[in-house]
Amino acid sequence: MNKLASAFSKDRTLAVRLTCGDPSLEVTADLLQAAAAGGADLALLALPFSDPTAEGPAAQAASLRALSAGVTTASALAFLEKLSPALPVVLTTYANVPFAYGIDRFFAACHAAGLCGLLVLDLPAEEREEFAGAARAHGIALAAQAAPAGEARLARVARAAEGVLLLDCGGREERRPALAAALRRHTDLPLLLPGGTQEEDP
């Protein structure tokens, strides 16, 4: 069983969301250690990015603080490689980051850092193949995020995802059951709720 699958081997999975380098890499290391000790099963760790438009104000501010502290993609990946986090880590980022870094080089660095998955927040299902080959070559699950949409769209997102599917309900909790049920018709991947817990099967 790989690290990502093991994170979802219990009845319920708890994930923590952090931004790498906010307010420093040293604090990130302490937070990951504390999360593991406190019972978290998985970390969703954001790479700081200058224009995190797919996230809310708190995540945007965290990203800017990390960038102001001098954290870069290279320094974050080197930090994770040296740290070897106790928790399985899914990195979250934007498509421009691996493009600028070099796609194959980026996924090779993710593998060296011991990461088990990557979620590219602004990557549509139609463009996943540009990343998918390198991800598979380096053993990184290319996760996906699903928002309320038509059945055909949800089917495409669900079938393309690897490792885990995150649910984006747009801040409207009442949308969650219908979204989860629609995705369940097309995938048996774990569904991770906005609050960081695993959606249970109905």
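Within any chain, residue numbers begin from 1 and follow the written order of that chain's sequence. Per-residue local features of the predicted model are confined to residues with pLDDT of at least 70, and side-chain atom pairs are confined, for both listing and counting, to 80 or more; whole-chain, interface and lining totals are unaffected and use all residues. Side-chain metrics rest on all non-hydrogen atoms present in the structure, leaving aside hydrogens and water.

1. Quick look at the sheet that holds strand 8 (residues 191-192)
As a general point, the strands of a sheet are linked pairwise by backbone hydrogen bonds and lie either parallel or antiparallel. Only when DSSP finds a minimum of two bridges between them are two strands counted as paired. Secondary structure elements are defined from DSSP: runs of H or I of at least 4 residues count as helices, runs of E of at least 2 residues count as strands, and each element is numbered from the N terminus. In spatial order, the strands read 6-7-8; together these 3 strands make up an open sheet with parallel pairing. Taken across any chain shown, the strands that pair with only one partner, and hence form the sheet edges, are strand 6 (144-146) and strand 8. Inspection of the sheet shows strand 7 (residues 165-167) paired to strand 8 by 2 bridges, in the parallel sense. Across the sheet, residue Leu166 finds its bridge partner in strand 8, namely Leu192. Residue contacts are defined here by distance: any two heavy atoms, one from each residue, within 4.5 Å place the two residues in contact. Whenever a helix is involved, its axis is fitted only over the stretch in contact; in every case the axis is a line through C-alpha atoms, and angles between N-to-C directions fall within 0 to 180 degrees. The strands touched by helix 8 (residues 151-160) within the sheet are strand 6 and strand 7, with strand 6 carrying the most contacts at an inclination of about 160°. Strand contacts of helix 9 (residues 176-184): strand 6, strand 7 and strand 8, with the helix running at about 155° to strand 7, the strand carrying the most contacts.

2. Some details on the packing of aromatic side chains
Think of it this way: a Phe, Tyr or Trp ring, Trp meaning its six-membered ring, pairs with another when their centres are within 6.5 Å, and the plane angle makes it stacked under 30 degrees, edge-to-face over 60, tilted otherwise. Evaluation of the coordinates by the stated rule reveals 4 aromatic pairs. Taking 5.9 Å as the distance between ring centres and 80° as the angle between the ring planes, the aromatic pair formed by Tyr101 and Phe106 counts as edge-to-face. With respect to burial, Tyr101 and Phe106 carry one shared label: buried. Through a chain of ring-to-ring contacts, three or more aromatic side chains come together here, namely Tyr101, Phe106 and Phe107. Between the NZ or CZ atom of Arg105 and the centre of the ring of Tyr101, over which it lies, the distance is 3.9 Å. Think of it in three bands: residues with accessible area under 20% of the maximum for their type are buried, residues over 50% are exposed, and the middle band is partly exposed, with areas taken using a 1.4 Å probe on protein chains only. Look at NZ for Lys and CZ for Arg. If either is within 6 Å of the ring centre and within 35 degrees of the ring normal, a charge sits over the ring.

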